[in-house]
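The residues making up each chain are set out below.
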Amino acid sequence: MASVERSIDWFRDAGRPHRDDRALLASVLEGLRQHPKRISPVWFYDERGSCLFDEICELPEYYVTRTELAILQRHLPEMAARIRSHACVIEPGSGTGLKTKLLLEALDRPSAYVPVDVACEHLEAAAARLRSEHPHICVHPVCADFTMPFEVPDTERFARRAIFFPGSTIGNFDRHEAVRLLARLRHLAPGGGMLIGFDMVKPAGVLVPAYDDAAGVTAAFNLNALEHLNRRLGTDFDPAGFRHRAVWNPVASRIEMHLVSTRAQMVRIAGRDIHFAAGETIHTENSYKYTTERFASLAEVAGWKICRCWTDARGFYSLQLLE
Ligand code: AVJ
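Let us look at the structure shown here. For every chain, the first residue of its written sequence is number 1, and the numbers climb from 1 along that sequence. Note on the predicted model: pLDDT of at least 70 is required for a residue's local features to be given, and 80 or more for side-chain atom pairs to be given and counted; whole-chain, interface and lining totals, by contrast, use all residues. Only hydrogens and water are set aside when side-chain values are computed; all heavy atoms of the structure are taken into account.

## Considering the packing of aromatic side chains
In step 1: Working definition: a ring pair exists when centres of Phe, Tyr or Trp rings (six-membered ring for Trp) sit within 6.5 Å. Plane angles under 30 degrees give stacked, over 60 give edge-to-face, the rest tilted. Summed over the entire model, instances satisfying the criterion amount to 16 aromatic pairs.
In step 2: Note on Phe 44 and Phe 221: the rings are 4.5 Å apart at their centroids and 35 degrees apart in plane angle, and the pair reads as tilted. Taken together, the residues span a long stretch of sequence, with Phe 44 in the loop between strand E1 (37-38) and helix H3 (47-58) and Phe 221 in helix H9 (residues 217-233) at a distance of 177 residues.
In step 3: Here's how the labels work: a residue is buried when its accessible area is under 20% of the maximum for its type, exposed when over 50%, partly exposed in between, all with a 1.4 Å probe on protein chains only. For Phe 221, a relative accessible area of 3% puts it in the buried group.
In step 4: Plain terms: the ring middles of Phe 53 and Phe 221 are 6.1 Å apart, the flat faces sit at 40 degrees to each other, and that makes the pair tilted. Of this pair, Phe 53 sits in helix H3 while Phe 221 sits in helix H9; the two residues are 168 residues apart in sequence, bridging distant segments of the chain.
In step 5: Residue class for Phe 53 comes out partly exposed when judged on its relative accessible area of 23%.
In step 6: In this scheme, the term charge over a ring applies when either NZ of a lysine or CZ of an arginine sits within 6 Å of the ring centre and within 35 degrees of the ring normal. Its guanidinium or amino end placed over the ring of Phe 276, Lys 37 lies 4.8 Å from that ring's centre, counting from NZ or CZ.
In step 7: One residue, Lys 202, lies across the ring of Phe 316, its end atom 5.1 Å from the ring centre. In DSSP terms, a helix is any run of H or I states spanning at least four residues, a strand is any run of E spanning at least two, and both are numbered starting from the N terminus.

## Some details on helix H10 (residues 292-301)
In step 1: Inspection of H10 places Phe 295, Leu 298 and Ala 299 among the buried residues, and these make up the whole buried set. Down the axis, H10 shows its buried residues gathered within 95 degrees of arc, on one side only. Of the exposed residues in H10, those oriented more than 90 degrees away from the buried face are Glu 293, Glu 300 and Val 301.
In step 2: Residue contacts follow a heavy-atom distance rule, with two residues in contact if any of their heavy atoms lie within 4.5 Å. Looking at the buried residues of H10, the elements they touch are helix H7 (175-188), strand E7 (193-199), strand E13 (306-311) and strand E14 (317-322).
In step 3: Gly 303 lies just past H10 and shows a positive phi near 90 degrees. To be clear, the arc concerns the directions from the helix axis to the C-beta atoms.

## What about the packing of H3 against H9?
In step 1: Axes here refer to lines fitted to C-alpha atoms; in helices the fit is confined to the stretch in contact. Angles between the N-to-C directions go from 0 to 180 degrees. Packing of H3 against H9 leaves a shortest axis separation of 9 Å and a crossing angle of 160 degrees. As judged from the angle between their axes, H3 and H9 are roughly antiparallel. Note that H3 runs across H9; the crossing there is left-handed. For the pair formed by H3 and H9, the contact residues are Arg 48, Gly 49, Leu 52, Phe 53, Glu 55 and Ile 56 on the first element and Val 217, Thr 218, Ala 220, Phe 221 and Asn 224 on the second.
In step 2: Residue classes in the contact of H3 with H9 are distributed as six nonpolar, three polar and two charged. Every angle not falling under 35 degrees, over 145, or within 65 to 115 is termed oblique; those three ranges are roughly parallel, roughly antiparallel and roughly perpendicular. We call a crossing left-handed when the near helix sits turned anticlockwise from the far one by less than a right angle, and right-handed when that turn is clockwise. Polar here means any residue other than Ala, Val, Leu, Ile, Met, Phe, Trp, Tyr, Cys and Pro, which are nonpolar, and Asp, Glu, Lys and Arg, which are charged; Gly is therefore polar.

## Looking at the site of the ligand
In step 1: Whether a residue is near a molecule or strand depends on its heavy atoms: if one lies within 4 Å, it is near. Near the ligand the following residues occur: Tyr 45, Phe 53, Ile 56, Tyr 62, Gly 167, Ser 168, Asn 172, Tyr 211, Phe 221, Met 257, Glu 285 and Ser 287.
In step 2: Contacts to the ligand include Tyr 62, whose side-chain N or O atom sits 2.5 Å from an oxygen atom.
In step 3: Tyr 211 places a side-chain nitrogen or oxygen 2.5 Å from an oxygen atom of the ligand.
In step 4: Those elements that place two or more of their residues in the shell around the ligand are H3 and strand E12 (281-288).
In step 5: Here the residues of the shell around the ligand sort into seven nonpolar, four polar and one charged. Throughout this description, a polar contact denotes any pair of N or O atoms lying within 3.5 Å of each other; where both atoms belong to protein, one of them has to be capable of donating a hydrogen while the other can accept it, and for residues adjacent in sequence the pair is counted only when both atoms sit in side chains.

## Considering the packing of helix H2 (residues 21-32) against H9
In step 1: Close contact between H2 and H9 brings their axes to 11 Å; oriented N to C, the two are set at 145 degrees. The hand of the H2/H9 crossing is left-handed. Residues Asp 21, Leu 24, Leu 25 and Val 28 of H2 pack against Leu 229, Arg 232 and Leu 233 of H9.
In step 2: Partitioning the contact of H2 with H9 into residue classes produces five nonpolar, no polar and two charged.

## A few points about the pairing of E13
In step 1: A strand pair is defined by DSSP finding two or more bridges across the two strands. Sheet analysis places E13 next to E14, joined by five bridges and oriented antiparallel. What sits directly across from Ile 306, in E14, is Leu 322.

## Some thoughts on the environment of Tyr 288
In step 1: With respect to the element layout, Tyr 288 can be found in strand E12.
In step 2: Note on Tyr 288: relative accessible area 12%, which makes it buried.
In step 3: Between the alpha carbons of Tyr 288 and Ala 225 there is a distance of 20 Å; along the sequence they are 63 residues apart.
In step 4: When neighbours within four sequence positions are excluded, Tyr 288 is seen to be in contact with Gly 171, Phe 173, Asp 174, Asp 199, Ala 252, Ser 253 and Arg 254.
In step 5: Among the polar contacts listed, one links the side chain of Tyr 288 to the side chain of Arg 254, at a separation of 2.9 Å.

## Considering helix H4 (residues 64-81)
Since the α-helix turns once every 3.6 residues, residues separated by three or four places project in the same direction.
In step 1: Taking 1.5 Å of rise per residue, 18 residues should cover 26 Å, and H4 covers 25 Å from first to last C-alpha, within 8% of that figure.
In step 2: By definition, a residue's bend is the angle between the axes fitted to the seven residues ending there and the seven starting there. Along H4, the sharpest kink reaches roughly 70 degrees, centred on His 75 and followed within four residues by the proline Pro 77.
In step 3: Every buried residue belonging to H4 is among Val 64, Thr 65, Thr 67, Glu 68, Leu 69, Ile 71, Leu 72, His 75, Leu 76, Met 79 and Ala 80, and all of these are buried. One fewer than the residue count of a helix, multiplied by 1.5 Å, yields its expected span.

See the structure below:
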């Protein structure tokens, strides 16, 4: 288990806002000393990266967000009917707001909403908005990293809990990490349920363009991780010296994003020079795609039982209710 723990640590450390920068530097340096080199996908999400991600969601090639929203809109009444009234809804990695809004409106008198996110300011702003729109729901934002143990506010101690985990966020974790995360979320909602969304395996001809769009937005999103590193840690990456690559890895069942060095170059980080050969890559993200069977085995190992699945006409995406 040691390597699994380490790999989650590596993912988590990158996103920590209050961690001292030396620890952050050390974890980035460690990733860049491996073969192949890698950095955490958390580096995508600074202010500009979050905006670029919103742009990705609007791209014609990126079917993920659109498909999930369509399934939600179509089946929400049925989903909501299977979640008990007065539920306390916990959302790890709460994001956009629209899906949450739809769910809270469909549920029968939800008692509380607990968004959990490391982006504390965004979290507070979203909470304030929700409070004014839904004065009857207690909104308790928790500024924390959901891959770590976190506490749900004491006031919600006795509430029935429902976890809302949309967006195919689970796809960023490898199998061991995903099992560990799903098991931890299960302990958070004893006797409760989880509504989770994930992306399905489909032809590479659909998958690759979704991560390598014609307008180059995903390329900008990937390259922005280097700018984020430069600004945050004082590294001197030249984004013009790298280009975006997205590949479908059928054996691991994942889309991989990489940054390819277009020339031999040195990058200065924490007083050290990291050498890049021409064509050498930094692995920046995995986005796992599941079959129904493979997701079922994952959920089962994590101790969840699948109650109901919803998908779209093309079978591109799946939303499932686990208990
Ligand atoms: C937010 C992790 C679900 O994997 O599809 C989009 C991130 N990366 N385009 C995904 C992403 C490139 C996205 N997730």
